[in-house]
Amino acid sequence: MKITELPEEELVYGSFACAGCGGILAVRLALKVLGPRTVIVTTPSCLLGVTTFYPQLAFKVPCVNVTFPSTAAAVSGVATGLKRRGREDVHVLGVAGDGGTVDIGLQALSGAIERGHNFIFLCYDNEAYMNTGVQRSSSTPQGARTTTTPVGLRGKGEDRAKKDMMRIVAAHDIPYAATASIGYPQDYLRKVHKAKETKGPAYIHVLAPCPPGWGYPSHLTVHLARLAVQTGQWPLAEYEKGRLTQKKIDNPRPIEEYWSLQARFAHLLS
Amino acid sequence: MREYINGNEAVAQAVRLARVEVVAAYPITPQSPVVEEIAAQIARGELDAEYIRVESEHAALTACYGAAVTGMRVFTATSSQGLAYMFEMLHYVSGSRVPVVMAVANRGLAAPWTIWADHQDSIACRDTGWIQLYVETAQEALDTCLQAYRIAECPEVLTPVMVCLDGYVLSHTEEIVEIPAQEVVDAFLPPYKPREVVEPERPLVFGVGAGPDIYPAFKQAQQAAMDRARDVICRVDEEFYRIFGRRYGGLVVPYRCQGAEVVLVTLGATMGTVREVVDRLRQEGRRVGALRLRALRPFPAEELRRVLAGTRVVAVLDRNCSFGYEGAVCTEVKAALLGLEKPPAVAGFILGLGGQDIRQADIEDIFRRCLAASSGAVHQVAAAQS
Ligand code: SF4
């Protein structure tokens with residue numbers, strides 16, 4: 001899918017997201033590919049907080065909000081109901097942040113993928129619990145400072161590696177899964193398009209930088225999302241027909257370039 | 001058609017007759033036979049429904065919520081730890097005003113781990129915004145599940161309903177149950193016609209966020225709907241009677257309360273035992289009666305005052321404990337009776353926790369203690385433990 005082929009129509013606008021929010025950009029682009037015949041299911045997160053506070057609705061499509069662990073369980077119900085109503089032309093898009101996907105939402109996601117409902121699950125990964133104030137999630141990268149992995153006399157930031165969601169969803173033998181970065185929109189849009197065409201569950205894990213959470217000026221969002229890939233911090237991968245493939249990065253750039261632009265890694269450079 | 005079935009099967013029959021479209025459930029003792037029977041009905045082609053075999057109770061209720069917002073009539077069933085696991089979703093469903101019907105096979109909560117009956121599970125969910133109806137027989141379980149859809153889907157109410165049946169005592173005990181014909185049920189229970197459903201052409205939010213300026217208005221609306229539910233529950237019970245020839249008294253079920261000096265208030269299947277004791281004591285010339293609360297939420301305070309005015313002592317038999325105070329129903333009954341000019345003394349008894357037998361001798365003991373006590377002393381009556 002070419003960027004020039006994207007429709008003008010905005011299906012999410014007028015949200016309260018911070019300037020430069022990678023998450024809202026990820027959802028906005030995904031909706032452009034999926035189009036208006038979409039239902040969003042989301043969970044208490046930055047996305048819910050910035051789009052659906054009464055009487056506001058920043059989506060031009062219906063939105064079903066649900067409890068934090070439950071995105072994929074609600075998706076299962078919505079997909080089943082729509083199927084029964086003969087509305088299989090509607091895309092059910094579950095959206096959750098890394099906390100709502102990788103941590104508390106993992107059980108429901110596993111259940112929904114395993115049952116094979118027809119849906120797309122989009123995890124916008126900003127690598128911490130941004131909505132509640134930058135606490136560590138199991139998707140926080142090693143070394144990063146968060147409010148629950150502070151740096152001090154005995155604190156060295158996050159000491160565990162990121163949970164590998166792609167291997168987890170691939171282990172379910174999911175029909176389609178991919179990682180993406182909003183810094184590579186063409187690649188991302190192509191993957192959303194593939195997910196849209198997939199019968200059964202599809203999973204997309206998209207890197208979505210967050211200016212206040214990571215500590216960088218908001219105009220750098222797309223730049224950082226690219227650097228994450230170019231420094232080898234964010235692999236662009238696809239799982240299809242039982243095969244996991246990963247885009248090779250020739251001549252990766254030094255990681256310091258990525259770290260030096262963000263407050264969360266500042267302690268690693270001093 | 002009359003069949004010899006247990007409470008769980010009766011519930012499953014109601015689900016079939018209600019033409020439920022989506023069932024999402026997770027097995028838990030003693031509820032499991034409900035969902036097994038529903039699965040079998042679907043497999044036999046007797047019920048045209050989607051069955052979502054979820055990975056947890058939390059997901060069961062969530063999937064029901066998701067399906068209900070697309071306009072489906074939904075059902076789930078649970079018990080004990082499973083109900084506790086659903087707790088946060090209970091609020092989400094009631095706050096979103098989604099008419100889910102759920103059967104709860106009442107069971108005690110761990111620790112210590114137990115699988116037997118008491119009411120701790122559903123009583124702990126008393127304040128989640130669900131209507132709670134407690135049944136006495138398998139027949140009432142079937143009939144009440146059918147009524148529950150009418151109540152929950154009534155536009156004046158739009159509130160989920162829990163149909164509570166005592167674990168094992170009702171869930172696994174067989175009795176003769178009249179199973180109504182499909183056409184008759186169809187006449188009583190038309191298809192669910194929600195006002196708003198998920199429709200891509202019509203962007204709406206289900207389960208919005210709300211700030212302090214507007215949140216109370218949502219909650220007031222919920223409270224008002226619960227208040228209206230009192231009438232609706234009674235109306236539906238009467239209409240049910242006209243069609244099926246059976247009725248349960250709406251919110252409260254008094255038994256020989258006329259001129260009674262002591263009345264025992266309780267919930268659920270225990271009422272069967274209580275009736276027998278009342279009959280025997282009445283034969284002895286003792287002025288005793290009993291009252292079963294069919295609805296715990298909305299609470300039938302006015303009906304209680306009407307029936308219990310003039311009673312000297314009201315004994316409350318709780319199969320739950322609000323730790324640090326007393327049986328929860330006891331507190332509620334006391335509060336309701338405060339509205340009377342000369343309120344009766346209220347004595348609380350906690351019995352039957354975790355499946356402990358409630359014997360006729362225990363009930364008789366309660367009655368005799370209350371009859372013997374002067375009204376001043378009744379407050380001192382301690383919780384009985386047989
Ligand atoms: S805190 Fe981060 S994720 Fe949340 S709205 Fe702001 S930029 Fe987006």
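Residues numbered from 1 in each chain as written. Chains lettered and ligands numbered in written order. Predicted model: local features only at pLDDT ≥ 70, side-chain atom pairs only at ≥ 80, totals over all residues. Heavy atoms only, no water.

What to know about the environment of Pro27 of chain B
All names here are of chain B.
Link 1 in the chain: Among the structural elements, Pro27 can be located in the loop between strand S2 (22–25) and helix H2 (32–44).
Link 2 in the chain: Each C-alpha atom, one on Pro27 and one on Arg44, is 20 Å from the other, the two residues being 17 residues apart in sequence.
Link 3 in the chain: Among all residues touching Pro27, those that are not within four sequence positions of it are Ser32, Val35 and Glu57. (Helix = DSSP H or I, 4+ residues; strand = E, 2+ residues; numbered from the N terminus. Contact = heavy atoms within 4.5 Å.)

A few points about the site of the ligand
Link 1 in the chain: Taken together, the residues surrounding the ligand are Cys18, Cys21, Cys46, Asn126, Cys210, Pro211 and Pro212 of chain A.
Link 2 in the chain: The residue inventory of the shell around the ligand, partitioned by class, reads six nonpolar, one polar and no charged. (Near = heavy atom within 4 Å. Nonpolar A, V, L, I, M, F, W, Y, C, P; charged D, E, K, R; others polar.)

Considering the pattern of salt bridges
Link 1 in the chain: Scanning the entire structure with this criterion turns up 53 salt bridges over all chains.
Link 2 in the chain: Measuring nitrogen to oxygen at the nearest pair gives 3.1 Å for the salt bridge that ties Arg87 of chain A to Glu201 of chain B. A residue pair is termed interchain when its members come from two chains, as with Arg87 of chain A in the loop between helix H3 (71–84) and strand S3 (91–97) and Glu201 of chain B in the loop between helix H8 (182–188) and strand S9 (205–206).
Link 3 in the chain: For Arg87 of chain A, a relative accessible area of 16% gives the class buried.
Link 4 in the chain: Between Arg292 of chain B and Glu136 of chain B there is a salt bridge, with its nearest N and O atoms 3.0 Å apart. Here Arg292 of chain B is found in strand S12 (residues 288–293), whereas its partner Glu136 of chain B is found in the loop between strand S6 (131–134) and helix H7 (138–153), with 156 residues between them in sequence.
Link 5 in the chain: Taking the relative accessible area as the measure of exposure, Arg292 of chain B reaches 2% and is therefore buried.
Link 6 in the chain: When salt bridges that share partners are traced, they join Arg37, Arg85, Arg87 and Asp89 of chain A together with Glu199 and Glu201 of chain B into one network. (Salt bridge = Lys/Arg side-chain N within 4 Å of Asp/Glu carboxyl O. Buried < 20%, exposed > 50% of the residue type's maximum accessible area, 1.4 Å probe, protein only.)

Observations regarding the confidence of the model for chain B
Residues and elements named next belong to chain B.
Link 1 in the chain: On average, residues of chain B carry a pLDDT of 95, and 97% of them reach 70 or more.
Link 2 in the chain: The low-confidence segment residues 382–386 (pLDDT under 50) makes 18 contacts with residues lying over four places distant or belonging to another chain.
Link 3 in the chain: Reported confidence for the predicted complex is 0.96 by ipTM and 0.96 by pTM. (pLDDT = per-residue confidence, 0-100.)

What to know about the sheet that holds strand S11 (residues 262–266) of chain B
Backbone-to-backbone hydrogen bonds pair the strands of a sheet. The strands run either parallel or antiparallel.
All names here are of chain B.
Link 1 in the chain: Reading across from one edge, S10-S12-S11-S14-S15 is the order of the five strands in this open sheet, with mixed pairing throughout. Because the sheet does not close on itself, it has two edges, and the strands there are strand S10 (252–255) and strand S15 (345–350). In this sheet, neighbouring strand axes are inclined to one another by 20° on average, regardless of whether the strands run parallel or antiparallel.
Link 2 in the chain: Relative to S12, S10 runs antiparallel, the two sharing four bridges. (Pairing = 2+ DSSP bridges. Axes fitted to C-alpha atoms, helices over the stretch in contact; angles between N-to-C directions.)

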